[in-house]
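# Structural overview
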Amino acid sequence: MSPKILSGVITALLASTAAYASSHREAPFITEMPKVDATDVYLFRSYETGRDGFVTIIANYQPLQDPSGGPNFFFLDPEALYEIHVDNNGDAQEDLTFQFRFNNAFQSRAVPVNGVPVPVPVLNIGPFGPTPEANDANKNLIETYTLNVVRGNRRTGQSQAATNMTGGTSSFRKPLDNYGVKSVPDYEQYANNHIFRLGIPGCSEGRVFVGQRREGFFIDVGGVFDLLNFNPLGPRDGGPNQLLNKSVTSIALEIPTACLTAQGSPIVGAWTTASLRQGRVLNPRPRGSATLTPSGASGVGPSVEGGAWTQVSRLSSPLVNELVIGVPDKDRFNASEPRNDAQFLPYVANPTVPEIIEILYPSAIAPNQFPRTDLVSAFLTGIAGANMPTGVTPAEIMRLNTGTPPTALGSQNDLGFIAGDLAGFPNGRRPGDDVVDIELRVLMGVLLPPAVAPAGQLPFTDGVRQTVPLRATFPYLNTPLPGKN
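Note that the coordinates shown come from a computational prediction; the quantities given were computed from them, not determined experimentally.

## Description of the pairing of strand S2 (residues 54-65)
Burial of S2 is extensive: 11 of the 12 residues sit out of reach of the surface. As judged from the seven bridges shared by strand S1 (residues 38-45) and S2, these two strands associate in the antiparallel manner. Pairing of Tyr42 across the sheet is with Ile58, part of S2. In this sheet, strand S13 (residues 247-256) lies alongside S2 in antiparallel orientation, the contact comprising nine bridges. Each bridged residue has a counterpart across the sheet, and for Thr56 the counterpart in S13 is Glu254.

Okay, here's the thing in C-alpha cells:
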C-alpha cells in the first residue's frame, strides 16, 4: 500500500466514526421506538465461496435483544418503512432503494378451558419448523414481508415489486425468533430455510434474508459509557464484550455487483433508514436547539395510511450519531438525508471525543490541530485512490470499492484496510472488522506528527475482540442464542 493511500485510510477511519460503540439507542427520540432503531450497516463483497460477483448489504435493527425476551420477542413494525439506499455516482442521493414492509398476522390460537376455546398469551402453542410453513397451526404469529425496488429518487422514482423466486410470489416469510429448543429444535436449519432467491426487477437474481441473528458487534459497552472505564493501553482481548449474548434483527441482501454499480465506476455507497407515517410521529419533542424537521426526509411514497413518510432513523458508518454528533442535533441527524450533511460539518472539524479522552486520561493528549480538515475531507468524501467517487458530493455514506477482491473469512485481518487487508473497513465494512480499535487509534492522531498529536502512536484499544463465531456464508451473522439456554 502506498504511503499516500495508507495516510488517507487512517484519516478516513478517524473521520468516519470517531467513537467507540455501534449505534444502539444513539439519539434521544429513537430510544422511544426500538423497532425502527438501526444499529449497524455492513457493506462488502461477498466472501462466500463462488459468490464474489455479489455485494452483501446488511442493515440491523432493534438493538440489545435478550434471547429470553418473551412473550412478544422482537417482530418488526408493520407500520414502518425500512429502506436500504445505494448511491452509485457519488452525488449523495439514492440511485437504487430497497423498500421493506412487514406484516404481522396474529392467529388467535386458543386452547379449550372448561369446554371453551380461550386465546393463549404466547406466540406458539407447540413446536414449529423446519420449513417456513411447517406447523403453522402451532404459531400465534406469522411474519411476512414484501420488497419493492425503486430506481432513482425514492419518492418519485419507478417502484417495482421484487419476486420470491423460491415460491414465485411477491411475499417472503420472516422466521420467528429463537424462542428455544423446545419450540424450534433446529433453529439454524429453520432460519436457513428463510434464505430466498430474489428476483430483482431489471437485474439478475440475488438473495434475501430477514430475521433474528446473533449480535456480531463487539465492545465493552458498559466501560465506554462509564467514562471510558477500561484500560485503553491494555491487551486487545482483555475486556468483556457486553453484547456477547445479545441478538439483533437483520435485513440482509446479496445483490449482483453489476446491479449496483454505475457504468464506469466500481464505487457504491449505502445507508439504511426507517420511516413512519406522519400520523405516527406525534410531537417528537426534539431536544436542545435541534428540531425534527427533516430536510427532504418526509414524503417518501404516496401520502396514504396516515400521511407522508417521516424518516426517524438513519445509519451508515457506525458511531457517527452516537459519539460525533452533539446531543442537540442527534434527532436532526436521524431525520436528515446525506445530501444535507454540510449542516453537521462543525462536529467533524472540531471533534469533542479526543478532548474527553484527554480529560479522563491526561497523558493521552488530544491532537491540537484545528480545524481538522483531514477529517472533514475523509469523513465526507471517501479515500482518494481507494473508495472516493469521481466528483463526489460530500456526505456521510459508507462507501465500497467493488473492484477490490474479497478476502476469505479465515484470512481476514480484523484491523482491515490499515493492516493491509484492502477489502476491510473503511472500504465498506465486514462483520469481523474491529472498527473500535481501528478508530480509537487514529482518533488520537496516529496520522499526525507528534508535534500536534503527542499520543498519536499509542496502541489504544477497548480490550475487546470478536469471539462470536461468524458464518462464511450468507447472511454471515450467526444463529441467535435460544431463549432457553
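## A short note on the environment of Leu141
Among the secondary structure elements, Leu141 is positioned in strand S7 (residues 141-151). Taking the C-alpha atoms as reference, Leu141 lies 9.3 Å from Val122; in sequence the two are 19 residues apart.

## Considering the pattern of salt bridges
Scanning the entire structure with this criterion turns up 22 salt bridges. Taking the shortest distance from any N to any O, the salt bridge between Arg429 and Asp40 comes out at 2.8 Å. With Arg429 in the loop between strand S16 (398-401) and helix H10 (435-443) and Asp40 in strand S1, the pair connects residues that are 389 residues apart, well separated along the chain. When sorted by exposure, Arg429 lands in the same class as Asp40, which is buried. The partner of Asp136 in a salt bridge is Lys139, with the nearest N and O atoms 2.8 Å apart. Taken as a pair, Asp136 and Lys139 share a single burial class, namely buried. Within this structure, Glu83, Arg154, Arg155, Glu337 and Arg339 form a network of salt bridges that share partners.

## Some points on the state of the cysteines
Disulfides are covalent bonds that connect the sulfur atoms of two cysteines. Taken as a whole and assessed by the stated rule, the structure comprises one disulfide. One disulfide in the model links Cys203 with Cys259; its S-S distance is 1.3 Å. Sign of the S-S torsion, about 55° for the bond between Cys203 and Cys259, identifies this disulfide as right-handed. Of this pair, Cys203 sits in the loop between strand S11 (196-199) and strand S12 (206-214) while Cys259 is found in helix H4 (residues 257-260), placing the two residues 56 residues apart along the sequence.

## Section: the side chain of His85
Locating His85 in the fold gives a position in strand S3 (residues 80-87). Take His85: its relative accessible area is 0%, and that puts it in the buried class. Of the polar contacts made by the side chain of His85, one reaches the side chain of Thr97; its length is 3.2 Å. Side-chain polar atoms of His85 contact the side chain of Thr273, separated by 2.7 Å. Residues within four places of His85 in sequence aside, it is in contact with Glu94, Leu96, Thr97, Arg154, Gly269, Ala270, Trp271, Thr272 and Thr273.

## A look at helix H8 (residues 353-360)
Three or more residues of H8 are buried, namely Val353, Pro354 and Ile357. Projection of H8 onto a plane perpendicular to its axis shows the buried side chains occupying an angular sector of 105°, all on one side. On the buried face of H8, the contacting elements are helix H5 (320-323) and H10.

## Details of the confidence of the model for the chain
With 88% of its residues at a pLDDT of at least 70, the chain reaches an overall mean of 86. Contacts from residues 283-304, a stretch scored under 50 in pLDDT, to residues over four places away or in other chains number 59 contacts.

## Regarding the packing of aromatic side chains
In total, this model carries 17 aromatic pairs according to the counting rule given. Between Phe100 and Tyr145 the ring centres are 6.0 Å apart and the planes differ by 40°, which places this aromatic pair in the tilted class. In this pair, Phe100 sits in strand S4 (residues 96-106) while Tyr145 sits in strand S7, placing the two residues 45 residues apart along the sequence. Accessibility assignment for this pair places Phe100 and Tyr145 in one class, buried. Pairing Phe217 with Phe218 gives two aromatic rings, centres 6.1 Å apart and planes at 35°, and the pair type is tilted. The exposure class of Phe218 is buried, given its relative accessible area of 2%. Here the aromatic residues Tyr61, Tyr82, Phe100, Phe102, Tyr145, Phe172 and Phe196 are joined through ring pairs into a cluster of three or more. The ring of Phe75 is capped by Lys35, whose NZ or CZ atom sits 4.1 Å from the centre of that ring.

Basis of the calculations
- Residues numbered from 1 in each chain as written.
- Predicted model: local features only at pLDDT ≥ 70, side-chain atom pairs only at ≥ 80, totals over all residues.
- Heavy atoms only, no water.
- Buried < 20%, exposed > 50% of the residue type's maximum accessible area, 1.4 Å probe, protein only.
- Helix = DSSP H or I, 4+ residues; strand = E, 2+ residues; numbered from the N terminus.
- Pairing = 2+ DSSP bridges.
- Salt bridge = Lys/Arg side-chain N within 4 Å of Asp/Glu carboxyl O.
- Disulfide = S-S within 2.5 Å.
- Polar contact = N/O pair within 3.5 Å; in protein donor to acceptor, adjacent residues only side chain to side chain.
- Contact = heavy atoms within 4.5 Å.
- Arc of directions from axis to C-beta.
- pLDDT = per-residue confidence, 0-100.
- Phe/Tyr/Trp six-rings, centres within 6.5 Å; stacked < 30°, edge-to-face > 60°.
- Lys NZ or Arg CZ within 6 Å of the ring centre and 35° of its normal.

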